[in-house]
Amino acid sequence: MADAAEGPRRRLAVLAGQLGPASAIRSDQTTAAASTLGAQPCAAREAAGGPGPLLAGQVALITGAGKGIGEAAAKLLASHGAAVVVADLDDTAAQLVADAVQEAGGRAVAVAGDVTDPAFAERAVGEALRVFGGLHILVNNAGYTWDGVIHKMTPEQWSAMLAVHCTAPFRLIQAAAPAMRDAAKAEVEQEGAARPRSIINISSTSGTHGNAGQANYATAKAGVVGLTKAVAKEWGPLNVRCNAIAFGLIDTRLTRPKEGGESIVVGGKAVALGIPSADSYWSAIKGQIPLRRVGSAEEAAGAILALASPLCSYVTGQVLEVNGGSYM
Ligand SMILES: NC(=O)c1ccc[n+]([C@@H]2O[C@H](COP(=O)([O-])OP(=O)(O)OC[C@H]3O[C@@H](n4cnc5c(N)ncnc54)[C@H](O)[C@@H]3O)[C@@H](O)[C@H]2O)c1
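Calculation notes
Residues numbered from 1 in each chain as written. Predicted model: local features only at pLDDT ≥ 70, side-chain atom pairs only at ≥ 80, totals over all residues. Heavy atoms only, no water. Helix = DSSP H or I, 4+ residues; strand = E, 2+ residues; numbered from the N terminus. Expected span 1.5 Å × (residues − 1). Buried < 20%, exposed > 50% of the residue type's maximum accessible area, 1.4 Å probe, protein only. Contact = heavy atoms within 4.5 Å. Polar contact = N/O pair within 3.5 Å; in protein donor to acceptor, adjacent residues only side chain to side chain. Axes fitted to C-alpha atoms, helices over the stretch in contact; angles between N-to-C directions. Left-handed = near helix turned anticlockwise from the far one by under 90°. Nonpolar A, V, L, I, M, F, W, Y, C, P; charged D, E, K, R; others polar. Pairing = 2+ DSSP bridges. Core = buried A, V, L, I, M, F, W, Y, C linked by side-chain atoms within 4.5 Å.

### A closer look at helix 4 (residues 68-79)
The periodicity of an α-helix, 3.6 residues per turn, causes residues three or four positions apart to be oriented the same way.
Then comes step 1: Relative to the 16 Å expected for twelve residues at 1.5 Å per residue, helix 4 spans 17 Å between its end C-alpha atoms, a close match to the ideal helical length.
Then comes step 2: Taken together, the buried positions of helix 4 are I69, G70, A72, A73, A74, L77 and A78.
Then comes step 3: For helix 4, the secondary structure elements touched by its buried residues are strand 1 (59-63), strand 2 (83-88), helix 5 (91-103), strand 4 (137-140), strand 6 (240-247) and helix 11 (297-308).
Then comes step 4: Looking one or two residues beyond helix 4, the residue adopting positive phi is G81, at roughly 100°.

Put into structure tokens, the structure is as follows:
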């Protein structure tokens, strides 16, 4: 008779993503797989001959990975063993990040393009399959702000935010369905369990709490939450997790003083980025954030890694607020 604990052990091992075909998993291997759940640093685990990095054997597609949070996430996920598709509107920035990952000993490929282009999603997913042979982690991160008070907001401002923050992630998840949902379904049918797969959609505290001057962005980032929960319910039975992260103030060009003159060119139009007044920016930080500082892009990336990793194998359909304790 089969060991009663064998089923759960095997499932844990597959969840941890360190093993071969489900049929080849032995109970002694589950101990090794489960040890990846410990806090041992990646290099130390490898030096000790342990089961390897958190994302070993996984392929991650990260949009908006040329700068800011996406760049930090591409580098961090690669350092934990993932092969990374670095997708960005800015082809130079994307290539620089891919080069940096490779120079650090990781695997990466750059894909240039606008996520709002209807053809982009299929092309980006196609690159993941062509270059790395699969797709296990999708991070819908590309985005920007185009602020204005609601009584002056143009239809173009409104539509642009829905296009980049809602329609683009929808298309990418749909394009990823064969590599994520269908592949998982085949594994369940053939091997009894599916390997870990994870989608992370980047939202904002503007979406979860609202923000004056951002009716378009807040609406779009709230939409991301609904998309996340729907996908979590549809694909959860196939071990494809889907979570959102609502960032608060993270130090990137989106939150630096507007006087710095940063802008993004989308569809041939330049949109100014940043927060208008440095004074109100800093007083908001000091007054409202319990940790009394903005977060770094690297700290933001840490939350992405955590949700993508086996450490969060039982977390799906959630919105993780990464905001220094604001809005408690
Ligand atoms: N910085 C924050 O405080 C903060 C807070 C909440 C949410 N966010 C969200 O985090 C995500 C990343 O923002 P960031 O702060 O790192 O900004 P960023 O400007 O530093 O990086 C965003 C990247 O996305 C790319 N991008 C933008 N529009 C694109 C498009 N249409 N197609 C392809 N690439 C595109 C940009 O070229 C850039 O490289 C965004 O979705 C943003 O809304 C940021």
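### Some thoughts on the side chain of T63
Then comes step 1: Along the chain, T63 falls in strand 1.
Then comes step 2: The class for T63 is buried, based on a relative accessible area of 2%.
Then comes step 3: Here the side chain of T63 touches N141 through a polar contact of 2.9 Å, landing on its backbone nitrogen.
Then comes step 4: Those residues in contact with T63 that sit more than four places away from it in its chain are A87, V115, F120, V139, N140, N141, A142 and L172.

### What to know about the packing of helix 6 (residues 120-132) against helix 7 (residues 155-191)
Then comes step 1: Direction vectors running N to C along helix 6 and helix 7 enclose 35°, while the axes themselves pass 8 Å from each other. Between helix 6 and helix 7 the crossing geometry is right-handed. Residues F120, A121, E122, V125 and L129 of helix 6 touch helix 7, and the partners they reach there are R171, L172, A175, A176 and A179.
Then comes step 2: Split into classes, the residues belonging to the contact of helix 6 with helix 7 amount to eight nonpolar, no polar and two charged.

### Points about the pairing of strand 4
Then comes step 1: Both faces of strand 4 are covered, namely the face carrying I137 and V139 and the face carrying L138 and N140.
Then comes step 2: Here strand 1 runs beside strand 4; their pairing, made up of three bridges, is parallel. Its bridge partner lying in strand 4, I62 is registered against V139.
Then comes step 3: As defined by bridge partners, strand 4 adjoins strand 5 (residues 197-204) across four bridges and the pair is classed as parallel. Bridge assignment links N140 to a residue of strand 5, and that residue is N201.

### Looking at the nonpolar core
Then comes step 1: Among the nonpolar cores identified, the biggest contains 46 residues, and L61, L135, L138, Y144, M180, I199 and W235 are the most heavily contacted of them.
Then comes step 2: When residues in this core are grouped by element, the largest group, twelve residues, is from helix 7.
Then comes step 3: Those residues in contact with L61 that sit more than four places away from it in its chain are V85, A87, A124, V125, L135, I137, L138, V139 and L172.
Then comes step 4: The next biggest cluster of nonpolar side chains, apart from the first, holds 36 residues, and it includes A60, A74, V84 and I200.

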